Amino acid sequence: MMTLTNRAKPVDRKPMTFLESIYLWNIFKGMLITLTHFFKKKTTIKYPEQKRPFSPVFRGVQILNRDEDGRERCTACGLCALACPAEAITMEAAERMPGEENLYREEKYAAKYEINMLRCIFCGFCEEACPKDAVYLSETFAPPAYNRKNFIYTKNDLLIPDPKTQPEEYAKAQGLRENKKAKKEPF
Ligand code: SF4
Ligand code: SF4
């Protein structure tokens, strides 16, 4: 048969041998390949029971930070939202009332703070932009969900546990951050 390029090669169709014609040999070869994989080092792990250690530069779900007295650090300045290339952050500011000094560190705080995890690209710009060390990317990732609404993380989802009342949970949420911070200049 002539083609435009004339580069076609005729296929060599040899007649099948007896072993090939009964297919058992090919099945046996396939099983042998499967068997050799049983003894090889596994490249997968049994998540979520097993977890791989993250890279030191891993950037996961954001956390809204508190100070050592458990007060919210965020002052709703909006710099993180401005820095966000994905426009994933929305917030509403509120004024701190007398008697709320134990809850909020600054005179203005975020009454509402939301991050749309379906938009977030985990670039870390929000963390870089924050002048109050109030938002940072943690060492965990957003769990799966069936509903899009469940990927809108509210302030309650993002706020780190109170170090005074839940010291263990606070330390766990901080993860390796304290070690990393120790290597940097203080804020
Ligand atoms: S990590 Fe990047 S994309 Fe995600 S909220 Fe922060 S600035 Fe936006
Ligand atoms: S998280 Fe930081 S940058 Fe964002 S509004 Fe709060 S204080 Fe400002």
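For the structure, see preceding data.
Per chain, the residues get numbers from 1 upward, laid out in the order the sequence is written. Each chain takes a letter, starting from A, and each ligand takes a number, starting from 1, following the order in which they are written. Selection of residues for local features in this predicted model requires a pLDDT of at least 70, selection of side-chain atom pairs for listing and counting requires 80 or more, and totals for whole chains, interfaces and linings are taken over all residues. Hydrogens and water are ignored here; the side-chain numbers use all heavy atoms of the structure.

What follows is about the overall build of the chain. A tally of helices and strands in the chain yields seven helices and five strands. Secondary structure elements follow DSSP: runs of H or I of four or more residues count as helices, runs of E of two or more count as strands, with numbering from the N terminus. Its helices and strands taken in sequence order, the chain reads α-α-β-α-β-β-α-β-β-α-α-α from the N to the C terminus. Both definitions apply: the radius of gyration is a C-alpha atom measure, and the globule rule equals 2.2 Å times residues to the power 0.38. Taking 2.2 N^0.38 as the reference for a compact globule, 187 residues should give roughly 16 Å; the C-alpha atoms of the chain span a radius of gyration of 28 Å, well beyond that estimate. Considered along the principal axes of its C-alpha atoms, the chain spans approximately 90 × 45 × 35 Å. Think of it in three bands: with a 1.4 Å probe and only protein chains considered, a residue is buried below 20% of the maximum accessible area for its type, exposed above 50%, and partly exposed in between. Here the chain holds 187 residues, and 27% of them are scored as buried. Contacts are assigned to residue pairs that have any heavy atoms within 4.5 Å of one another. Counting contacts in the chain only where the partners sit at least 6 residues apart, residues at least 24 apart contribute 71% of the total. Carbon and sulfur atoms provide 58% of the accessible area of the chain, an area that totals close to 14,500 Å². On the chain, the mean spot of the 31 positive side-chain charges and the mean spot of the 25 negative ones are 13 Å from each other. Accessibility throughout is a Shrake-Rupley quantity obtained with a 1.4 Å probe, and a residue counts as covered only by protein chains that appear here. None of His or the chain ends enter the tally, which takes Lys and Arg as positive and Asp and Glu as negative. Lys charges are placed at NZ, Arg charges at CZ, Asp charges at CG and Glu charges at CD.

Relative to the elements of secondary structure, proline 167 occurs in helix H6 (residues 167-174). A relative accessible area of 48% means that proline 167 is categorised as partly exposed. Between the C-alpha atom of proline 167 and that of proline 56, which follows or precedes it by 111 residues, the distance is 23 Å.

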